[in-house]
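# Per-entry structural report
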Amino acid sequence: MSNINKTAFIAALHRILPAHSVLSSAEDLHPYECDALSVYRALPLAVCLPETVDQVREILQACHQAKVPVVARGAGTGLSGGALPLTDGIVLSLAKFMRILEIDPLNRTARVQPGVRNLAISQAVAPYGLYYAPDPSSQIACTIGGNVAENSGGVHCLKYGLTVHNVLGLKVLTIAGELLEIGGGALDSSGYDLLALMTGSEGLLGLIVEVTVKLLPKPESAQVVLAAFDDVGKAGQAVGDIIAAGIIPAGLEMMDGLTIRAVEDFIHAGYPVNAAAILLCELDGVAEEVSEQITRVGEILKQAGAIEIRTSRDEQERIKLWAGRKAAFPAMGRISPDYYCMDGTIPRKHLPAVLKRIAALSAEYNLPVANVFHAGDGNLHPLILYDANIPGELQRTEEFGVKILELCLEMGGTITGEHGVGIEKLGQMCTQFSAPELLQFHAIKHAFDPQALLNPGKAVPTLKRCAEFGAMHVHGGKTAFPELERF
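Residues numbered from 1 in each chain as written. Predicted model: local features only at pLDDT ≥ 70, side-chain atom pairs only at ≥ 80, totals over all residues. Heavy atoms only, no water.

### Some points on the side chain of D135
The condition that has to hold: Counting from the N terminus, the helices are DSSP H or I runs at least four residues long and the strands are E runs at least two residues long. Accessible area is worked out with a 1.4 Å probe on protein chains only. A residue is then buried under 20% of its type maximum, exposed over 50%, and partly exposed in between. We define a polar contact as two N or O atoms separated by no more than 3.5 Å, with the added condition that, inside protein, one atom must be a possible hydrogen donor and the other a possible acceptor, whereas residues neighbouring each other in sequence contribute only through side-chain atom pairs. By definition in these notes, contact holds between two residues if any of their heavy atoms fall within 4.5 Å.
In this structure, D135 sits in the loop between β7 (130-131) and α5 (144-150). The exposure class of D135 is buried, given its relative accessible area of 5%. Polar contacts involving the side chain of D135 include one to the side chain of K326, which spans 3.2 Å. Among residues more than four places away in sequence, those in contact with D135 are N118, G153, G154, V155, H156 and K326.

And the structure:
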């Protein structure tokens, strides 16, 4: 932007949008300075609030011509800094794209705009006996466009999959303003699987302007088993035992004692506050199958050392038990000024060992950890509790977080399960992937966005950046795409 007249560029945006849809004063920009990873903040050049696809196209074309970076934003609930603004770029908010365009109950699909809230989809299709399966903890606020960008999961992803498994089609605008229709209403399409490529691409390849999602029929019966344990390792072992028995729960979640007590004080879900850990295991399907599996799971949990086992008696109690789990993150505000939410994934069999290592790291760094995670698929969410007002504590917290992610890699896992890489995990990308792999990622980015204007500096580090992190030795720190070197 050094050679671009800021006033002239904002004037160009005003020619595309009405005055109230272009924000450029500091007071108006501050609400957009970060996403839910609020330790990183920056004010953008401007924020655009379009209402039509044509307006989005014109904004992208203007940015493409002026070489102004674009950061797309939904509800701002992301936890990896993926929507962090660039000081020389704009934030393009899709919050006004809130329409459900079509519900097709026969084909069990819905076409929605990217600003539609996750929970709103299930609410809209409920009269047809259908629902949308992926349910992030932030589903009351997060948008479907953001879910696609981050490939979000949720408590029911074990059985029903992540966002990528529940999206059938996308309409995407490139930085040049070209509209791509990827996938559609069918389960498969010809050509390369660009649908999977775009899902989880974190705004680096295009802007999503429409999503076709797959809907599922509501199960005839669903019940939650709550099991309390006097040892976290036993609870971790029970997770593997359930899956090994051939049972695939709809959801299988775990919380440790610190989380249990914080959640119970906040939500009053009826959790046993003296337990070292609890498992929430939901089973769904036809009534007879659920009843049989409830009995089998109960036996497995007893053998694993559960000290208390309880089963939801009705739908209200089932929802109440899940409400506690989904309120785990906000509940931390009652016991700590700040927390840092990690997002690594490991093979299930390593859960007991990893939990012990995290406890040891907690003692080493003198920082408490509240463990809450999607135990069934090994997606960990350790919440490191700290106080940003204490000098050096944030830095120590971040170092602790890096150790957790490195532990996940050591155990054969990955550095993210559903929150994305954003700016948070760039260093660990250098550890997980080799130089040739990272170059292939950049080649894909280059094919869609040759000038690197879409969310630059996020998700995929350059080799030069990896050399700076000290995670990879690079001769000369050069990549195959010099125009990416500045990020």
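Past the structure itself, the notes keep going.
### Focus on the layout of surface pockets
Going by this rule: Definitions used throughout: a 1 Å grid over protein atoms alone; a cavity as a set of points that fits a 1.4 Å probe which cannot get out; a pocket as an open set with protein on both sides within 12 Å along at least five of seven lines; a lining residue as one with an atom within 4 Å of a point. Grid points are joined across faces, edges and corners, and a volume is the space filled by probe spheres set on the points. Charged means Asp, Glu, Lys or Arg here, nonpolar means Ala, Val, Leu, Ile, Met, Phe, Trp, Tyr, Cys or Pro, and polar covers whatever is left, Gly included.
Computed from the structure, the second largest pocket encloses a volume of approximately 730 Å³. As for the second largest pocket, its lining consists of 36 residues, and the residues nearest its centre are G200, S201, E202, A459 and V460. If you list the elements that add at least two residues to the lining of the second largest pocket, you get α15 (426-432) and α16 (435-448). For the lining of the second largest pocket, the element with the highest residue contribution is α16, accounting for 4 residues. Here the lining of the second largest pocket is composed, by residue class, of 17 nonpolar, 13 polar and 6 charged.

### Remarks on the packing of helix α8 (residues 232-244) against helix α10 (residues 287-303)
Formally: Only the stretch in contact is used when a helix axis is fitted, and all axes are lines through C-alpha atoms; the angle between N-to-C directions ranges over 0 to 180 degrees. A crossing counts as left-handed when the near helix is turned anticlockwise from the far one by less than a right angle, and as right-handed when that turn is clockwise.
Running from N to C, α8 and α10 cross one another at 140°; their axes reach a closest spacing of 9 Å. Between α8 and α10 lies a crossing whose hand is right-handed. On α10, the residues touching A238, D241 and I242 of α8 are V297, I300 and L301.

### What about the pattern of salt bridges?
As a reminder of what qualifies: What makes a salt bridge here is a side-chain nitrogen of Lys or Arg within 4 Å of a carboxyl oxygen of Asp or Glu, nothing more.
Under the definition given, this model contains 18 salt bridges. Here K171 makes a salt bridge to E210, at a shortest N to O gap of 3.7 Å. Placement of the pair is K171 in strand β8 (residues 167-173) and E210 in strand β10 (residues 207-214), with a sequence separation of 39 residues. Given a relative accessible area of 25%, K171 falls into the partly exposed group. A salt bridge links R313 to E317; the shortest N-O distance between them is 2.9 Å. With a relative accessible area of 72%, R313 lands in the exposed category. According to the relative accessible area criterion, E317 is buried, its value standing at 16%. Several salt bridges converge on common partners, so that one network encompasses E102, R111, K171 and E210.

### Points about the environment of P461
Looking at the secondary structure, you find P461 in the loop between α16 and α17 (463-469). On the accessibility criterion, P461 (3% relative accessible area) is buried. Measuring from C-alpha to C-alpha, the distance between P461 and I423 comes to 9.1 Å, with 38 residues separating the pair along the chain. Apart from the residues lying within four places of it in its own chain, the contact partners of P461 are L426, M429, C430, L438, H442 and C466.

### Let's talk about the sheet that holds β8
Applied cut-off: We call two strands paired when DSSP finds no fewer than two bridges between them.
Judged by pairing direction, the sheet is antiparallel, and its 5 strands sit side by side in the order β5-β6-β10-β8-β9 without closing on themselves. Bordering the open sheet on either side are β5 (100-104) and β9 (179-183), each of which pairs with just one other strand. The sheet shows a mean angle of 10° between the axes of neighbouring strands, taken without regard to direction. As judged from the 4 bridges shared by β5 and strand β6 (residues 109-112), these two strands associate in the antiparallel manner. Looking at β6, one finds that E102 is bridged to R111. Against the sheet, helix α4 (residues 118-125) touches β5, β6 and β10, its axis set at about 45° to β5.

### Focus: the confidence of the model for the protein chain
Where we set the bar: On a range of 0 to 100, pLDDT expresses the predictor's confidence in each residue.
The share of residues in the protein chain with pLDDT of 70 or more is 96%, and the mean pLDDT across the chain is 94. Predicted confidence is poor over residues 473-487, with pLDDT under 50, and the contacts of this stretch with residues over four places away or in other chains come to 28 contacts.

### Quick word on the state of the cysteines
The cut-off we apply is this: To count as a disulfide, a pair of cysteine sulfur atoms needs to be within 2.5 Å.
Inspection of the entire model under this criterion finds 1 disulfide. At a sulfur-sulfur separation of 2.1 Å, the disulfide partner of C430 is C466. Given an S-S torsion of about -85°, the disulfide between C430 and C466 has left-handed geometry. Linking C430 in helix α15 with C466 in helix α17, this pair joins segments that are 36 residues apart in sequence.

### Describing the environment of Y131
Within the secondary structure, Y131 sits in strand β7. C-alpha of Y131 to C-alpha of P436: the two residues are 305 residues apart in sequence and 41 Å apart in space.

### Digging into the sheet that holds strand β15 (residues 308-311)
Spatially, the 7 strands line up as an open sheet ordered β15-β12-β14-β13-β18-β20-β16, and their pairing is antiparallel. Here the strands that pair on one side only, and so sit at the sheet edges, are β15 and β16 (338-341). The mean angle between the axes of side-by-side strands here comes to 15°, regardless of whether they run parallel or antiparallel. Direction of pairing for strand β18 (residues 369-373) relative to strand β20 (residues 382-386): antiparallel, over a ladder of 3 bridges. Its bridge partner lying in β20, A370 is registered against L383. Against the sheet, α8 engages β12 (221-229), β13 (251-256) and β14 (277-285), with an angle of about 175° to β13.

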